[in-house]
Amino acid sequence: MPVLPGAEPYRHEGGEVGVLLCHGFTGSPQSLRPWAEYLAGRGLSVSLPLLPGHGTRREDLRITGWQDWYAEVDRELRVLRGRCAHVFVAGLSMGGALALRLAARHGDDVAGVIVVNPAGKVHGAAARVLPVARHFVRTSRGIASDIAKEGVAELGYDRVPLHAAHSLRIFFRLLDGELPQVTQPLLLMRSPRDHVVPPADSARILSRVSSVDVTEVLLEHSYHVATLDHDADRIFEESHAFIGRLAPSVGKEGTSAGG
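Residues numbered from 1 in each chain as written. Predicted model: local features only at pLDDT ≥ 70, side-chain atom pairs only at ≥ 80, totals over all residues. Heavy atoms only, no water.

(A) The nonpolar core, seen in detail. Core analysis: the biggest nonpolar cluster contains 42 residues, and F25, W69, L98, L100 and V113 have the highest contact counts within it. Taken together, the elements giving at least two residues each to this core come down to strand 2 (17–22), helix 3 (66–83), strand 4 (86–92), helix 4 (94–106), strand 5 (112–116), helix 6 (162–178) and strand 8 (186–190). Considering every element that reaches this core, the biggest residue donor is helix 4, with 8 residues. V46, M189, F242 and V250 belong to the second largest nonpolar core, which has 33 residues in total. (Core = buried A, V, L, I, M, F, W, Y, C linked by side-chain atoms within 4.5 Å. Buried < 20%, exposed > 50% of the residue type's maximum accessible area, 1.4 Å probe, protein only. Helix = DSSP H or I, 4+ residues; strand = E, 2+ residues; numbered from the N terminus.)

The structure is reproduced here in structure tokens:
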């Protein structure tokens, strides 16, 4: 199926510092495109892939699972690592969970982790009934466009395929066991008013990782898709400052050597 206009992946070859951005469940690169362009504009190499089953039609998501989504970002990380001296992983919601697993599994190949409203669990009754309900009900209500800023919309599916949601639940449980393997510096930014992911997910992640260098930032004016919301500029600036602090080749002028 053709990719929806605006959902295309984004890549920029900049300097020797690279950033891999991972979008969320049922979403697309559109939700992170301004962030990617901001970092690219400051000389960083950026990869923002389109996850399998996303950005086309929800029927395509139904036949994919967490292994497909993780394999895509894992491949992109290896490509970036092949040409960059320092690579950071970042993500929104489920994309944050993918970034955390990359950090857990790739160790020193990941210089730091940046997550925005990271998801870590399927909550409530849905989690309990998913294993059975997915065989009888194809979809549930969508989760896209939880944004406070008027006139801004996220490009995502209006329904959630339950087969894919069940796979996501399995992935979250797997990740929870791997979080202690995350030792890299961590920047976690979250919205107190998030109607998709509760604060408990961020609290759980912070309590489970082994990172010593941890920064938590509250995004007071945004909902879940904060990368398109009122606090977007703060996310971009905080992430660039975090990268600059850890990667010596990001200079005082904000550009990466070689960019």
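Once the structure has been displayed, the description carries forward.
(B) Layout of unusual backbone geometry. If you check the backbone angles, T26 has positive phi at about 70° while not being a glycine. With respect to the secondary-structure elements, T26 resides in the loop between strand 2 and helix 1 (33–40). Within the chain, S93 stands out as a residue other than glycine whose phi angle is a positive 60°. If you trace the backbone, S93 turns up in the loop between strand 4 and helix 4.

(C) Looking closely at the packing of aromatic side chains. A complete count under the given rule lists 5 aromatic pairs for this structure. Three or more aromatic residues joined by ring pairs form one cluster here, namely W66, F171 and F172. The ring centre of Y38 lies 3.6 Å from the NZ or CZ of R42, which sits over that ring. (Phe/Tyr/Trp six-rings, centres within 6.5 Å; stacked < 30°, edge-to-face > 60°. Lys NZ or Arg CZ within 6 Å of the ring centre and 35° of its normal.)

Honestly, that's just the spatial picture; any functional story needs more than this.
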